[in-house]
Every structure is written in structure tokens, then in C-alpha cells.
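Residues per chain, in single letters:
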Amino acid sequence: MMECMICGKELKIVYKVEIDGNIIETCENCAKAHGRIVETFRSGYEKEINSKFEKREIDPIEEDIELVEDFNELIRNSREKFGLSLEEAARKLGIKESFLAKIESGEILPDKKTLKKMEKFFKIKLEEKIESKKLEKKSQEDKLRIADIVEIK
Ligand SMILES: [Zn+2]
């Protein structure tokens, strides 16, 4: 029997959902709460996904926000600071231990809902506005340019 990758519930009907570019198998509740449903099938009758990213829709509200670069380390460090095992933290967050482990290893990006829970629970900031990142990059470029000029001289 397959189980939901988020909450661990046994699956009769499997919902494949796309969360930040990763396809994971979940139950109906988690599918509706967390991601975009790619396909559903009866457990045990899995077939290949061939239309994976064809109709990808980008939520305009989420577009200008992205995860901080070392979000997985941040989550792991915070969890360790709280003295929680993977299992304990996953239970408190209402997600599966293996799902949390994958998030911490950077293998999977957490979905919005899990992200918000983690930010609240660990009191950390996991998202950053892309806009500010761009500005930062630009000022770095400016610095480089100045450095170039200095070198030429
Ligand atoms: Zn579930």
C-alpha cells in the first residue's frame, strides 16, 4: 500500500501533485491543500506522467517570492536548536518524517503551507523577495565595475 508523502496516510486513490517543480504522491486532502494536482490514479495502477509541465501555471502572487538559498540548512539548524528529532518536528508540523528529511536535504522544496508552518514554528524567515535580491546583485555588479576601472588604471 502506498502512503501519502506529506501526512503518511494510506492511499487508495493517489494524487500526484506538483510542489515547486517536484512531483510527489499524496492523499486527497494534502493534494488540495498543498499543490497543483497533476493526476490521480488508484493505488497500484501507477502510470507514467507524460504531460508533466505542459500546462504549468505560475501564481502571480507567488512569483516575486522565493526561498532563501540555504533554507534546508536553516530548517535543520532550527530543528536542532529546538532539540527536536526529525520525527518529533515532523509530527509537530503535521507532515511525514521522510518529507521533512527530504526538505532538510534540499531534495524537495516545501510547499507554501508547510513553509508558513515552519516559519511560524521555528520563528525563522524562509522566503525572500526576489526584488531585493536583484537590487543586491546589481550593487555587487556596480562594485565589480568600479573594481575593473581601478584595475585598468
Ligand atoms: Zn496526506
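Please refer to the structure higher up on the page.
Residues numbered from 1 in each chain as written. Predicted model: local features only at pLDDT ≥ 70, side-chain atom pairs only at ≥ 80, totals over all residues.

Chemist: Where do I start with unusual backbone geometry in this structure?
Modeler: Excluding glycine, residues mostly have negative phi values, and the peptide bonds linking residues are mostly trans. One non-glycine residue, Asp 20, adopts positive backbone phi at about 50°. As for its placement among the helices and strands, Asp 20 is situated in the loop between β1 (13-19) and β2 (22-26). With 14 C-beta atoms packed within 10 Å, Asp 20 lands in the partly exposed category. Backbone geometry places Lys 123, a non-glycine residue, at a positive phi of 55°. (Helix = DSSP H or I, 4+ residues; strand = E, 2+ residues; numbered from the N terminus. Buried ≥ 20, exposed ≤ 12 C-beta atoms within 10 Å, placed from the backbone.)

Chemist: Even after reading the chapter, I still don't get the sheet that holds β1, so can you show me in this structure?
Modeler: The strands that make up a sheet pair up through hydrogen bonds in the backbone, lying either parallel or antiparallel. Taken together, the three strands give an open sheet; going across it, the order is β2-β1-β3, and neighbouring strands pair in antiparallel fashion. The sheet is open, and its two borders are formed by β2 and β3 (36-42), each paired with just one other strand. The average angle at which neighbouring strand axes cross in this sheet is 25°, direction not considered. Alignment of β1 against β2, held across five bridges, turns out to be antiparallel. Within the sheet, the bridge partner assigned to Tyr 15 lies in β2 and is Thr 26. (Pairing = 2+ DSSP bridges. Axes fitted to C-alpha atoms, helices over the stretch in contact; angles between N-to-C directions.)

Chemist: Would you mind going over helix α4 (residues 97-104) with me for this structure?
Modeler: For an α-helix the count is 3.6 residues per turn, leaving residues at separations of three or four pointing the same way. Among the residues of α4, Phe 99, Leu 100, Ile 103 and Glu 104 are the ones counted as buried. Buried residues of α4, seen end-on, are gathered within an arc of 135° and therefore sit on one face of the element. Next to the buried residues of α4 lie α2 (71-81) and α3 (86-93). Just downstream of α4 lies Gly 106, where phi reads positive at about 80°. (Arc of directions from axis to C-beta. Contact = placed C-beta atoms within 7 Å.)

Chemist: Honestly, the environment of Ile 6 in this entry has me stumped. Any pointers?
Modeler: Its place among the elements puts Ile 6 in the segment before β1. In sequence terms Ile 6 and Cys 27 are 21 residues apart; their C-alpha atoms lie 8.2 Å from each other. Among all residues touching Ile 6, those that are not within four sequence positions of it are Thr 26, Cys 30, His 34, Ile 95, Lys 96 and Phe 99.

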